[in-house]
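Okay, here's what each chain looks like letter by letter:
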Amino acid sequence: MTPVVNTPSVPTVRRSRLSKLLRAMRKAPGPTTCALVIFALLVYAFMTPLVSQNPFEFAGMSVMDSFIPPMWMVDGMPDFPLGTDDQGRNLLTAMAYGMRTSIIVGFLSVIIGLVLGGSLGLIAGFVGGKVDAFIMRFADVQLAYPALLLAMIIDGAARAALGQERSVMTAIAIVVLSIGIAFWVQYARTIRSSVMIERDQDYVSAARITGRSSLSIIILHILPNVMAPVLVIATINLGIAIITEATLSFLGIGIPVTSPSLGTLIRNGNNFLQSGEWWISVWPCLVLVAFVVSVNILGDHLRDVYNPRLRGRS
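Please read all numbers here as calculations on a predicted model, not as lab measurements. (Residues numbered from 1 in each chain as written. Predicted model: local features only at pLDDT ≥ 70, side-chain atom pairs only at ≥ 80, totals over all residues. Heavy atoms only, no water.)

(A) Seen up close, the packing of aromatic side chains. Under the definition given, this model contains five aromatic pairs. Measuring from centroid to centroid gives 5.9 Å for Trp-72 and Trp-283, while their planes differ by 80 degrees, and the two rings are edge-to-face. Of this pair, Trp-72 sits in the loop between α2 (29–47) and α3 (91–127) while Trp-283 sits in helix α11 (residues 279–306), and the two are 211 residues apart along the sequence. The exposed category is assigned to Trp-72, whose relative accessible area is 54%. For Trp-283, a relative accessible area of 15% corresponds to the buried category. (Phe/Tyr/Trp six-rings, centres within 6.5 Å; stacked < 30°, edge-to-face > 60°. Helix = DSSP H or I, 4+ residues; strand = E, 2+ residues; numbered from the N terminus. Buried < 20%, exposed > 50% of the residue type's maximum accessible area, 1.4 Å probe, protein only.)

(B) View of unusual backbone geometry. Even without a glycine there, the phi angle at Phe-67 is positive, about 60 degrees. For Phe-67, the location among the structural elements is in the loop between α2 and α3. Looking at Phe-67, the relative accessible area reads 29%, which means it is partly exposed. At Asp-75, a position not held by glycine, the phi torsion is positive, near 75 degrees. When you line up the elements, Asp-75 lands in the loop between α2 and α3.

(C) How the structure looks around the packing of helix α8 (residues 202–209) against helix α9 (residues 214–250). Contact geometry of α8 with α9 gives a least axis separation of 11 Å together with a crossing angle of 170 degrees. Between α8 and α9, the angle is such that the two are roughly antiparallel. Across the interface between the two elements, Tyr-203, Val-204, Ala-207 and Arg-208 from α8 touch Ile-217, His-221, Ile-222 and Asn-225 from α9. Looking at the contact of α8 with α9 residue by residue, the class counts come to five nonpolar, two polar and one charged. (Axes fitted to C-alpha atoms, helices over the stretch in contact; angles between N-to-C directions. Parallel < 35°, antiparallel > 145°, perpendicular 65-115°, else oblique. Contact = heavy atoms within 4.5 Å. Nonpolar A, V, L, I, M, F, W, Y, C, P; charged D, E, K, R; others polar.)

(D) The arrangement of the nonpolar core in detail. Formed by 55 residues in total, the largest nonpolar core has its most connected members in Met-99, Tyr-187 and Phe-291. Those elements that provide at least two residues to this core are α2, α3, α6 (168–182), α7 (184–198), α8, α9, α10 (262–270) and α11. Setting aside anything within four residues of it in sequence, one finds Met-99 in contact with Leu-41, Tyr-44, Ala-45, Leu-262, Val-287 and Phe-291. (Core = buried A, V, L, I, M, F, W, Y, C linked by side-chain atoms within 4.5 Å.)

(E) View of the layout of surface pockets. Taken as a whole, the largest pocket holds about 240 Å³ of empty space. What lines the largest pocket is a set of 13 residues, among which Ile-38, Phe-107, Thr-235, Leu-238 and Leu-298 lie closest to the centre. Contributions of two or more residues to the lining of the largest pocket are made by α2, α3, α9 and α11. Classifying every residue of the lining of the largest pocket by side-chain character gives twelve nonpolar, one polar and no charged. (1 Å grid on protein atoms, 1.4 Å probe; cavity = no way out; pocket = protein on both sides within 12 Å on 5 of 7 lines; lining within 4 Å. Points joined across faces, edges and corners; volume = space filled by probe spheres on them.)

(F) Structural context of the pattern of salt bridges. Counted under the stated rule, the structure contains four salt bridges. Among the salt bridges present, the one from Asp-85 reaches Arg-89, with a minimum N-O distance of 2.7 Å. On the basis of relative accessibility, which here comes to 0%, the residue Asp-85 falls in the buried class. We classify Arg-89 as buried; its relative accessible area is 8%. The network of salt bridges with common partners includes Arg-137, Asp-140 and Arg-189. (Salt bridge = Lys/Arg side-chain N within 4 Å of Asp/Glu carboxyl O.)

(G) A look at the side chain of Thr-235. Checked against the element boundaries, Thr-235 lands in helix α9. A polar contact is formed between the side chain of Thr-235 and the backbone oxygen of Leu-231, at a distance of 2.9 Å. Apart from residues no more than four positions distant in its own chain, Thr-235 is found in contact with Val-295, Gly-299 and Leu-302. (Polar contact = N/O pair within 3.5 Å; in protein donor to acceptor, adjacent residues only side chain to side chain.)

(H) Spotlight on the UniProt feature "transmembrane region" (unreviewed entry) in the protein chain. If you check UniProt for "transmembrane region" (unreviewed entry), the listed places come out as residues 28–47, 103–131, 143–162, 168–187, 218–242, 248–266 and 278–299 in our numbering. Annotated as 85% helix and 0% strand, the span residues 143–162 places its first and last C-alpha atoms 27 Å apart. Secondary structure content for residues 168–187 is 95% helix and 0% strand, and the end C-alpha separation is 29 Å. (UniProt positions renumbered as here; feature names shortened; annotations may be inferred.)

Structure below.
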């Protein structure tokens, strides 16, 4: 009688990227903490407006409650834990509305930059030749302009074309488009270099032999293999896009002052720093810093996960 041997199960060789990421995060408490901070701020930004009055509408303002300090200070009130601004807006609620706008602007800007830069990078890397040279020279010219300056130029051109009397949605769309266009070069250059390697691989040659078109080869075969580093760049650029939006709004050329944004809140509070109402600008600054730093640390961690050769160089 042949004895039954209990052989151990063979682990799966190919694991999903998600499981790999989750295992890596369990071994890295810092990035895990940053992920939790990002999640908490996202819940705060998108859930608070569902259960509270918009403080940027007339019904949400009360001049009688203006300049109330945080509740642990003298004259503070429990109804306004972080204090109020010059219009009597509850800063705890106002920051949620402002952060929601800033995050939406950041995400949409990253998507625009990713789609534009990704498309041009795929074309440049796959076609090559004069098309590649033209796209890359245009990218080199844009790199001579800082992203913030380029966004200011695009916003100024839009103001000249549309006039100062613009709707809030139009102003936000211009800011999103300006930041997105300013960031496409990084995606294009990264994808181009990856495509130039992938286009000579055997699986691409096999796809050509089977009669697949160049478009299907790019979308179905090459694109999935070059997305990992691009997603890391997108994660880091999210924080940069939010900082850019806050800077534009602080300078008065971004989100209108009548609309919620972390940049507009900081700009408004900056007018009262000298008079002692520090909380109007300090709290939005701290929320902005916490979110951007957490996004950057998480982006650096994702870079190390998807490219272990970079560990120890940062």
